[in-house]
Amino acid sequence: MEKLVCYVNGEFVPAEKAALPLNDLGIVRGYGVFDVLNTYHRKPFHMRDHILRLERSAASIRLDLPWTVEEIEQIIGELLNRNFDANPDLGDVAIRVIATGGPSENLFTPQQRPSLAILISPFTPPDEVLYMEGAYLISVEMQRFMAEVKSLNYIDAIMASQVAADEGAIETLYRTPDGRITECTRCSFFLVKDRQLLTADSEVLDGITRNVVCALAQGHFELASTELYYDSLIAMDEAFIVGTGKEVLPIVRIDDVTIGSGRPGPVTKQLMSLYQEYVAQFVENDVN
(Lines give C-alpha, C1' and ligand atoms only; values in the text may rest on other atoms or scores of the structure.)
Protein backbone atom coordinates (compact mmCIF):
# COMPACT_ATOMS: atom_id res chain seq x y z
CA MET A 1 0.00 0.00 0.00
CA GLU A 2 1.19 3.49 -0.86
CA LYS A 3 1.75 5.85 2.02
CA LEU A 4 -1.30 7.89 2.99
CA VAL A 5 -1.63 11.58 2.29
CA CYS A 6 -3.12 14.18 4.61
CA TYR A 7 -4.03 17.85 4.32
CA VAL A 8 -2.38 20.61 6.34
CA ASN A 9 -3.02 24.31 5.81
CA GLY A 10 -3.52 24.28 2.07
CA GLU A 11 -1.19 21.41 1.14
CA PHE A 12 -1.60 17.70 0.55
CA VAL A 13 1.47 16.06 2.06
CA PRO A 14 2.63 12.55 3.00
CA ALA A 15 1.28 11.76 6.44
CA GLU A 16 4.74 11.12 7.89
CA LYS A 17 5.85 14.62 6.86
CA ALA A 18 2.77 16.51 8.05
CA ALA A 19 3.44 19.03 10.81
CA LEU A 20 2.12 22.07 12.60
CA PRO A 21 4.35 24.82 14.05
CA LEU A 22 5.39 24.16 17.62
CA ASN A 23 3.87 27.50 18.61
CA ASP A 24 0.45 26.43 17.33
CA LEU A 25 -2.12 26.93 20.08
CA GLY A 26 -3.47 23.46 19.48
CA ILE A 27 -0.11 22.09 20.58
CA VAL A 28 0.94 24.46 23.36
CA ARG A 29 -2.52 25.14 24.84
CA GLY A 30 -4.86 22.46 23.51
CA TYR A 31 -6.91 25.23 21.91
CA GLY A 32 -8.79 23.70 19.04
CA VAL A 33 -11.61 21.42 17.97
CA PHE A 34 -11.97 18.30 15.87
CA ASP A 35 -14.51 15.92 14.41
CA VAL A 36 -14.35 12.38 13.08
CA LEU A 37 -16.43 10.63 10.44
CA ASN A 38 -16.22 7.32 8.62
CA THR A 39 -16.72 6.18 5.07
CA TYR A 40 -18.98 3.38 3.88
CA HIS A 41 -17.93 1.97 0.52
CA ARG A 42 -15.61 4.99 0.31
CA LYS A 43 -18.48 7.48 0.76
CA PRO A 44 -18.26 9.90 3.72
CA PHE A 45 -21.15 9.27 6.10
CA HIS A 46 -23.12 12.36 7.24
CA MET A 47 -20.17 14.55 6.29
CA ARG A 48 -22.08 17.83 6.41
CA ASP A 49 -23.48 17.09 9.87
CA HIS A 50 -19.98 16.46 11.16
CA ILE A 51 -18.59 19.65 9.64
CA LEU A 52 -21.51 21.69 10.99
CA ARG A 53 -20.77 20.25 14.43
CA LEU A 54 -17.12 21.23 13.98
CA GLU A 55 -18.32 24.78 13.29
CA ARG A 56 -20.51 24.78 16.41
CA SER A 57 -17.65 23.48 18.53
CA ALA A 58 -15.34 26.18 17.18
CA ALA A 59 -17.92 28.91 17.82
CA SER A 60 -18.35 27.69 21.40
CA ILE A 61 -14.66 28.29 22.14
CA ARG A 62 -14.56 31.52 20.09
CA LEU A 63 -12.38 30.03 17.38
CA ASP A 64 -13.23 31.73 14.09
CA LEU A 65 -12.96 29.38 11.12
CA PRO A 66 -12.27 31.07 7.76
CA TRP A 67 -13.28 27.98 5.77
CA THR A 68 -16.85 27.41 4.63
CA VAL A 69 -18.58 24.07 5.05
CA GLU A 70 -18.40 23.60 1.30
CA GLU A 71 -14.65 24.30 1.23
CA ILE A 72 -13.98 21.70 3.93
CA GLU A 73 -16.17 19.20 2.08
CA GLN A 74 -14.17 19.80 -1.11
CA ILE A 75 -10.89 19.29 0.72
CA ILE A 76 -12.14 16.03 2.20
CA GLY A 77 -13.30 14.86 -1.22
CA GLU A 78 -9.94 15.67 -2.80
CA LEU A 79 -8.08 14.00 0.06
CA LEU A 80 -10.11 10.82 -0.29
CA ASN A 81 -9.64 10.75 -4.06
CA ARG A 82 -5.88 11.12 -3.74
CA ASN A 83 -5.62 8.32 -1.18
CA PHE A 84 -8.03 5.93 -2.87
CA ASP A 85 -6.41 6.50 -6.29
CA ALA A 86 -2.97 5.76 -4.84
CA ASN A 87 -4.23 2.82 -2.78
CA PRO A 88 -6.78 0.77 -4.77
CA ASP A 89 -6.96 -1.82 -1.99
CA LEU A 90 -7.60 0.73 0.74
CA GLY A 91 -10.90 -0.03 2.43
CA ASP A 92 -13.09 2.27 4.46
CA VAL A 93 -11.36 4.96 6.48
CA ALA A 94 -11.83 7.28 9.41
CA ILE A 95 -11.52 10.98 8.56
CA ARG A 96 -10.31 13.32 11.30
CA VAL A 97 -10.76 17.07 10.81
CA ILE A 98 -8.76 19.27 13.20
CA ALA A 99 -8.97 23.05 13.53
CA THR A 100 -6.62 24.78 15.95
CA GLY A 101 -5.96 28.32 17.12
CA GLY A 102 -2.90 28.47 14.88
CA PRO A 103 0.54 29.98 15.55
CA SER A 104 0.86 32.47 18.40
CA GLU A 105 3.91 34.62 19.05
CA ASN A 106 3.32 34.70 22.81
CA LEU A 107 2.08 31.08 22.89
CA PHE A 108 -1.24 32.21 24.33
CA THR A 109 -3.12 34.80 22.30
CA PRO A 110 -4.92 33.71 19.10
CA GLN A 111 -3.75 35.72 16.12
CA GLN A 112 -6.64 34.86 13.81
CA ARG A 113 -4.52 32.46 11.77
CA PRO A 114 -6.13 29.09 12.57
CA SER A 115 -4.71 25.84 11.28
CA LEU A 116 -6.68 23.15 9.48
CA ALA A 117 -5.47 19.57 9.26
CA ILE A 118 -7.36 16.60 7.86
CA LEU A 119 -6.03 13.07 8.08
CA ILE A 120 -7.35 9.64 7.28
CA SER A 121 -6.58 6.23 8.70
CA PRO A 122 -7.79 2.72 7.86
CA PHE A 123 -10.92 1.89 9.82
CA THR A 124 -11.22 -1.35 11.77
CA PRO A 125 -14.62 -1.97 13.41
CA PRO A 126 -14.98 -3.67 16.80
CA ASP A 127 -14.91 -7.46 16.96
CA GLU A 128 -18.14 -8.94 15.61
CA VAL A 129 -18.51 -11.08 18.74
CA LEU A 130 -19.22 -7.94 20.77
CA TYR A 131 -22.36 -7.31 18.71
CA MET A 132 -23.53 -10.88 19.24
CA GLU A 133 -22.69 -11.27 22.93
CA GLY A 134 -22.59 -7.67 24.19
CA ALA A 135 -19.80 -5.62 25.70
CA TYR A 136 -18.72 -4.38 29.13
CA LEU A 137 -18.46 -0.81 30.42
CA ILE A 138 -16.72 0.53 33.47
CA SER A 139 -17.80 3.80 35.09
CA VAL A 140 -15.65 6.58 36.49
CA GLU A 141 -16.63 9.61 38.51
CA MET A 142 -15.70 12.37 36.10
CA GLN A 143 -17.35 15.23 34.23
CA ARG A 144 -16.26 16.42 30.80
CA PHE A 145 -15.21 20.01 30.35
CA MET A 146 -17.65 21.65 27.91
CA ALA A 147 -19.28 18.32 27.07
CA GLU A 148 -21.09 19.78 24.05
CA VAL A 149 -17.78 20.67 22.38
CA LYS A 150 -15.41 18.25 20.62
CA SER A 151 -12.34 20.08 21.79
CA LEU A 152 -8.71 18.95 21.73
CA ASN A 153 -8.81 18.82 25.52
CA TYR A 154 -9.12 15.04 25.92
CA ILE A 155 -7.17 14.60 29.14
CA ASP A 156 -10.17 13.29 31.07
CA ALA A 157 -11.23 10.97 28.25
CA ILE A 158 -7.73 9.51 27.85
CA MET A 159 -7.43 8.96 31.59
CA ALA A 160 -10.86 7.32 31.67
CA SER A 161 -10.02 5.15 28.67
CA GLN A 162 -6.90 3.90 30.44
CA VAL A 163 -9.13 2.74 33.29
CA ALA A 164 -11.31 0.87 30.80
CA ALA A 165 -8.29 -0.75 29.17
CA ASP A 166 -6.98 -1.87 32.56
CA GLU A 167 -10.31 -3.56 33.30
CA GLY A 168 -10.89 -5.05 29.85
CA ALA A 169 -13.92 -2.84 29.18
CA ILE A 170 -14.74 -1.49 25.73
CA GLU A 171 -15.55 2.00 27.01
CA THR A 172 -15.83 4.19 30.09
CA LEU A 173 -19.11 5.68 31.28
CA TYR A 174 -19.00 9.10 32.94
CA ARG A 175 -20.63 9.27 36.37
CA THR A 176 -21.11 12.62 38.11
CA PRO A 177 -20.57 13.20 41.86
CA ASP A 178 -24.35 13.25 42.40
CA GLY A 179 -24.77 9.84 40.77
CA ARG A 180 -25.93 10.81 37.30
CA ILE A 181 -24.60 9.00 34.23
CA THR A 182 -24.19 10.86 30.97
CA GLU A 183 -22.12 9.41 28.13
CA CYS A 184 -18.95 7.50 27.35
CA THR A 185 -15.59 8.91 26.35
CA ARG A 186 -16.26 8.44 22.62
CA CYS A 187 -19.85 7.20 22.46
CA SER A 188 -23.38 8.19 23.37
CA PHE A 189 -25.17 6.03 25.92
CA PHE A 190 -28.73 4.66 25.99
CA LEU A 191 -30.78 2.64 28.43
CA VAL A 192 -33.98 0.71 27.71
CA LYS A 193 -36.85 0.22 30.14
CA ASP A 194 -40.16 -1.29 29.07
CA ARG A 195 -39.22 -0.69 25.41
CA GLN A 196 -38.63 3.01 26.06
CA LEU A 197 -35.25 4.49 25.08
CA LEU A 198 -33.66 6.68 27.74
CA THR A 199 -30.74 9.02 27.12
CA ALA A 200 -29.20 11.84 29.12
CA ASP A 201 -30.69 15.28 28.57
CA SER A 202 -27.66 17.41 29.46
CA GLU A 203 -23.85 17.44 29.68
CA VAL A 204 -23.55 15.31 26.54
CA LEU A 205 -22.23 15.79 23.04
CA ASP A 206 -24.69 16.31 20.20
CA GLY A 207 -23.81 12.95 18.70
CA ILE A 208 -24.33 12.44 14.97
CA THR A 209 -24.90 8.69 15.36
CA ARG A 210 -27.04 9.42 18.42
CA ASN A 211 -29.29 11.64 16.31
CA VAL A 212 -29.55 9.01 13.57
CA VAL A 213 -30.53 6.34 16.10
CA CYS A 214 -33.13 8.62 17.69
CA ALA A 215 -34.64 9.30 14.26
CA LEU A 216 -34.68 5.59 13.40
CA ALA A 217 -36.40 4.80 16.70
CA GLN A 218 -39.35 7.05 15.85
CA GLY A 219 -42.43 4.96 15.16
CA HIS A 220 -40.92 1.93 16.88
CA PHE A 221 -40.14 3.01 20.44
CA GLU A 222 -40.80 5.85 22.83
CA LEU A 223 -37.82 8.08 23.44
CA ALA A 224 -37.12 10.16 26.53
CA SER A 225 -34.28 12.58 27.22
CA THR A 226 -33.97 12.68 30.97
CA GLU A 227 -31.61 12.46 33.90
CA LEU A 228 -30.11 8.99 34.20
CA TYR A 229 -28.83 7.69 37.52
CA TYR A 230 -26.29 5.02 38.24
CA ASP A 231 -28.48 3.45 40.93
CA SER A 232 -31.17 2.75 38.34
CA LEU A 233 -28.97 0.46 36.22
CA ILE A 234 -29.99 -2.66 38.11
CA ALA A 235 -33.62 -2.11 37.06
CA MET A 236 -32.95 -1.56 33.36
CA ASP A 237 -33.82 -4.04 30.63
CA GLU A 238 -31.08 -3.15 28.13
CA ALA A 239 -28.22 -0.77 27.47
CA PHE A 240 -26.26 0.15 24.38
CA ILE A 241 -23.75 2.67 23.10
CA VAL A 242 -23.67 4.38 19.72
CA GLY A 243 -20.91 6.18 17.88
CA THR A 244 -19.23 6.74 14.55
CA GLY A 245 -16.88 3.79 14.91
CA LYS A 246 -19.17 1.46 16.86
CA GLU A 247 -22.61 2.07 15.31
CA VAL A 248 -25.09 0.44 17.74
CA LEU A 249 -23.29 -1.84 20.20
CA PRO A 250 -25.08 -3.71 23.02
CA ILE A 251 -23.87 -3.38 26.61
CA VAL A 252 -24.60 -6.27 28.96
CA ARG A 253 -22.61 -5.28 32.05
CA ILE A 254 -21.57 -2.02 33.69
CA ASP A 255 -19.06 -2.42 36.51
CA ASP A 256 -20.54 -5.29 38.57
CA VAL A 257 -24.11 -4.67 37.40
CA THR A 258 -25.59 -7.09 34.87
CA ILE A 259 -27.99 -5.30 32.54
CA GLY A 260 -31.25 -7.17 31.99
CA SER A 261 -30.68 -10.80 31.06
CA GLY A 262 -26.98 -10.26 30.45
CA ARG A 263 -27.49 -10.72 26.71
CA PRO A 264 -28.24 -8.22 23.92
CA GLY A 265 -31.94 -7.43 24.16
CA PRO A 266 -34.69 -7.23 21.51
CA VAL A 267 -34.82 -3.42 21.37
CA THR A 268 -31.08 -3.13 20.86
CA LYS A 269 -31.14 -5.85 18.23
CA GLN A 270 -33.94 -4.11 16.35
CA LEU A 271 -32.05 -0.81 16.42
CA MET A 272 -28.91 -2.56 15.19
CA SER A 273 -30.93 -3.92 12.27
CA LEU A 274 -32.55 -0.55 11.53
CA TYR A 275 -29.14 1.10 11.54
CA GLN A 276 -27.69 -1.45 9.14
CA GLU A 277 -30.66 -0.93 6.83
CA TYR A 278 -30.07 2.81 6.98
CA VAL A 279 -26.39 2.39 6.12
CA ALA A 280 -27.29 0.11 3.21
CA GLN A 281 -29.71 2.74 1.94
CA PHE A 282 -27.02 5.39 2.26
CA VAL A 283 -24.57 3.32 0.25
CA GLU A 284 -27.18 2.61 -2.40
CA ASN A 285 -28.83 6.02 -2.67
CA ASP A 286 -26.38 8.49 -1.07
CA VAL A 287 -28.83 9.36 1.71
CA ASN A 288 -27.27 12.02 3.95
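Residues numbered from 1 in each chain as written. Predicted model: local features only at pLDDT ≥ 70, side-chain atom pairs only at ≥ 80, totals over all residues. Heavy atoms only, no water.

### Digging into helix H6 (residues 208–217)
- Of all 10 residues making up H6, 8 are buried, and the element is well covered by its neighbours.
- For H6, the complete set of buried residues consists of Ile208, Thr209, Arg210, Val212, Val213, Cys214, Leu216 and Ala217.
- Gly219 sits one or two positions beyond H6 and adopts a positive phi of about 85 degrees. (Buried < 20%, exposed > 50% of the residue type's maximum accessible area, 1.4 Å probe, protein only. Helix = DSSP H or I, 4+ residues; strand = E, 2+ residues; numbered from the N terminus.)

### Concerning the sheet that holds strand E4 (residues 43–44)
- If you trace the 6 strands from one edge of the open sheet to the other, you get E2-E1-E6-E5-E3-E4, paired in antiparallel fashion. In the strand order of this sheet, the two ends are held by strand E2 (11–14) and E4, each with one partner.
- Running over the sheet, helix H2 (residues 47–60) touches strand E3 (32–40), E4 and strand E5 (93–100) and is turned about 175 degrees from E3.
- Taken strand by strand, helix H7 (residues 266–285) contacts E3 and E4, and its axis lies near 80 degrees from that of E3. (Pairing = 2+ DSSP bridges. Contact = heavy atoms within 4.5 Å. Axes fitted to C-alpha atoms, helices over the stretch in contact; angles between N-to-C directions.)

### Digging into the packing of aromatic side chains
- Taken as a whole and assessed by the stated rule, the structure comprises 7 aromatic pairs.
- Ring geometry for Phe34 versus Tyr154: centroids 5.4 Å apart, planes at 75 degrees, classification edge-to-face. You can see Phe34 sitting in strand E3 and its partner Tyr154 sitting in the loop between strand E7 (135–141) and helix H5 (155–167), a full 120 residues away along the chain. Taken individually, Phe34 and Tyr154 each receive the classification buried, so the pair is uniform in this respect.
- Here the guanidinium or amino end of Lys43 rests over the ring plane of Phe282, the centre of that ring lying 5.2 Å away.
- Taking the ring centre of Tyr136 as reference, the NZ or CZ of Arg253 above it sits at 3.9 Å. (Phe/Tyr/Trp six-rings, centres within 6.5 Å; stacked < 30°, edge-to-face > 60°. Lys NZ or Arg CZ within 6 Å of the ring centre and 35° of its normal.)

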